[in-house]
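Each chain, letter by letter, is given below.
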Amino acid sequence: APAPPPAWHHFSDPAEVEALRGNLLAWYDRCKRDLPWRALAVTEPDADRRGYAVWVSEIMLQQTQVATVIDYYNRWMQKWPTLQALAQASLEEVNELWAGLGYYSRGKRLQEAARKVVSELGGHMPRTAEALQKLLPGVGRYTAGAIASISYGQATGVVDGNVIRVLCRLRCIGADSSSPAVIDRLWDMANALVDRSRPGDFNQALMELGATVCVPKAPLCGECPVKQHCRAWCRKLFGKPAPVPDVEDCGVGDCPLCPPATEPWDSSLGVTNFPRKAAKKQPRAMRTATCVLQRRGCRGGPEYLIVQRPSSGLLAGLWEFPSLPLAQDLQEQKEREVLADHLQAWMGQPVAAKGLRFIGEVIHIFSHIHQTYVVYSLPLDGDVTLDPASPSRWVTEEEFHASAVSTAMKKVL
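Throughout what follows, the structure given in this document is the object of discussion. Computed from a predicted structure; not experimentally measured. (Residues numbered from 1 in each chain as written. Predicted model: local features only at pLDDT ≥ 70, side-chain atom pairs only at ≥ 80, totals over all residues. Heavy atoms only, no water.)

Observations regarding the nonpolar core
Thought 1: The biggest cluster of nonpolar side chains holds 105 residues, and the ones touching the most others in it are Tyr-52, Trp-55, Met-60, Trp-76, Leu-209 and Tyr-373.
Thought 2: The element best represented in this core is helix H3 (residues 47-61), accounting for eight residues.
Thought 3: Those residues in contact with Leu-209 that lie beyond four places of it in its chain are Leu-24, Trp-27, Val-166, Cys-214, Cys-224, Pro-225 and Val-226.
Thought 4: Counting 20 residues, the second-largest nonpolar core is a separate cluster that includes Met-347, Leu-356, Tyr-376 and Leu-386. (Core = buried A, V, L, I, M, F, W, Y, C linked by side-chain atoms within 4.5 Å. Buried < 20%, exposed > 50% of the residue type's maximum accessible area, 1.4 Å probe, protein only. Helix = DSSP H or I, 4+ residues; strand = E, 2+ residues; numbered from the N terminus. Contact = heavy atoms within 4.5 Å.)

A closer look at the environment of Pro-126
Thought 1: With respect to the element layout, Pro-126 can be found in the loop between helix H7 (105-120) and helix H8 (129-135).
Thought 2: Given the relative accessible area of 8%, Pro-126 is considered buried.
Thought 3: In this structure, the C-alpha to C-alpha distance between Pro-126 and Ser-149, residues 23 residues apart in sequence, is 12 Å.
Thought 4: Aside from chain neighbours lying at most four places away, what touches Pro-126 is Leu-121, Ala-131, Leu-132, Leu-135, Leu-136 and Tyr-152.

Regarding unusual backbone geometry
Thought 1: In the segment running from Phe-274 into Pro-275, the intervening peptide bond is cis, with an omega of -5°.
Thought 2: By secondary structure assignment, the location of Pro-275 is in the loop between helix H13 (231-238) and strand S1 (284-296).
Thought 3: Phi at Tyr-103 takes a positive value of approximately 45°, unusual for a residue other than glycine.
Thought 4: Inspection of the secondary structure puts Tyr-103 in the loop between helix H6 (91-98) and H7.

A word on the pairing of strand S6 (residues 369-379)
Here is the key point about a regular strand: its side chains alternate between the two faces of the sheet.
Thought 1: Here S6 lies mainly inside the structure; nine of its 11 residues are buried.
Thought 2: One ladder, built from 11 bridges, connects S1 with S6; its direction is parallel. In the strand pairing of S6, Arg-287 is matched with Thr-372.
Thought 3: Examined bridge by bridge, strand S5 (residues 357-365) and S6 share eight bridges and lie antiparallel to one another. Among the inter-strand pairings, Ile-365 is bridged to a residue of S6, identified as His-370.
Thought 4: Joining the antiparallel neighbours S5 and S6 is a turn of three residues. (Pairing = 2+ DSSP bridges.)

Comments concerning the packing of aromatic side chains
Thought 1: Taken as a whole and assessed by the stated rule, the structure comprises seven aromatic pairs.
Thought 2: Between Trp-76 and Trp-80, the aromatic rings sit 4.7 Å apart at their centres with planes inclined by 75°, giving edge-to-face as the arrangement.
Thought 3: A relative accessible area of 4% means that Trp-80 is categorised as buried.
Thought 4: With a centroid separation of 5.7 Å and 80° between ring planes, the pair formed by Trp-76 and Trp-98 is classed as edge-to-face. Pair noted here: Trp-76 is in helix H4 (residues 66-79) and Trp-98 is in helix H6, with a separation of 22 residues, a long-range link. (Phe/Tyr/Trp six-rings, centres within 6.5 Å; stacked < 30°, edge-to-face > 60°.)

In structure tokens form, the structure reads like this:
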């Protein structure tokens with residue numbers, strides 16, 4: 001077993017743990033935000049429906065801000081209020097509702113897991129974090145802990161980005177917070193701290209603190225209910241580390257949780273010295289040619305051709321204007337030619353490169369890709385015979401926005 005972390009970096013005093021729990025829960029009871037999934041987690045008497053409500057919210061909240069999620073969550077729960085209802089939905093319906101929320105594989109995995117619960121688990125959600133993570137696709141350690149503690153009262157901790165920030169500041173953990181060794185220590189700490197009588201509320205309180213008070217920049221330390229337990233705050237106040245127990249003089253030597261010697265405490269940063277993260281990898285640059293084909297619809301208004309992306313990979317199963325990746329160094333004329341060839345391959349008729357009208361460029365940032373869409377338009381006279389092997393359809397502008405299209409394609413239009 002790994003050696004326990006030095007006393008400086010964990011909570012060794014039971015009285016301090018109890019005080020921290022009490023202060024944090026009292027603050028949460030006074031100051032928590034009114035969020036729709038929290039209301040359901042408290043008022044819904046059916047355990048499976050509680051678990052489902054929390055599950056949907058946690059999947060949507062991955063990599064997405066609360067303000068963005070609320071409307072999507074409300075529409076989702078109105079359309080599919082139960083696991084059984086979601087299991088009967090089509091992937092196309094799921095993608096349509098998810099459109100614009102990003103990280104589209106989340107919705108697909110959520111529906112797959114709902115079908116598994118209905119078909120293999122008798123319609124009942126697993127009740128423990130271990131079973132949730134083992135049995136439900138797309139449910140990782142954090143999501144499992146959140147569902148189990150909030151919906152079913154299991155005394156298990158959670159570690160997400162907000163919790164990482166709070167714990168690293170509370171205990172001056174300055175090693176790379178994304179490293180497996182540090183993450184393991186943070187999970188140990190979260191499991192030790194979680195309140196046994198109110199685990200769900202405690203975990204939500206810890207996350208709420210990170211989201212509203214212990215924020216990445218300009219944290220509101222004066223409003224923090226646990227500042228007296230925060231070693232980073234004490235160090236900011238007094239300009240030096242607080243006394244450490246016995247000979248555990250962290251900050252000197254080879255402590256695996258202290259900041260590296262090459263990155264010492266910066267007094268100008270205060271508590272925002274923590275957490276430390278590894279240098280972020282720059283997103284790779286990609287260029288994609290996109291053509292908006294337009295015709296006059298039967299009612300006189302314009303219609304646009306959209307095609308469906310492959311069922312795996314980036315933006316899997318979503319609809320888009322006909323597009324293809326470009327080499328980074330192509331000249332505009334060559335871009336037109338390769339795009340014309342691409343269109344001709346599935347339209348079944350010649351497309352003149354000179355007929356493509358350059359509109360402009362749209363930049364869209366994915367988490368790992370800096371994508372530039374080079375946008376062309378091509379008005380068509382009359383109908384065309386489309387390749388039946390490639391799913392495609394003509395849509396009005398209103399139908400386009402109601403379809404499962406990405407935010408990037410909305411920018412293109």
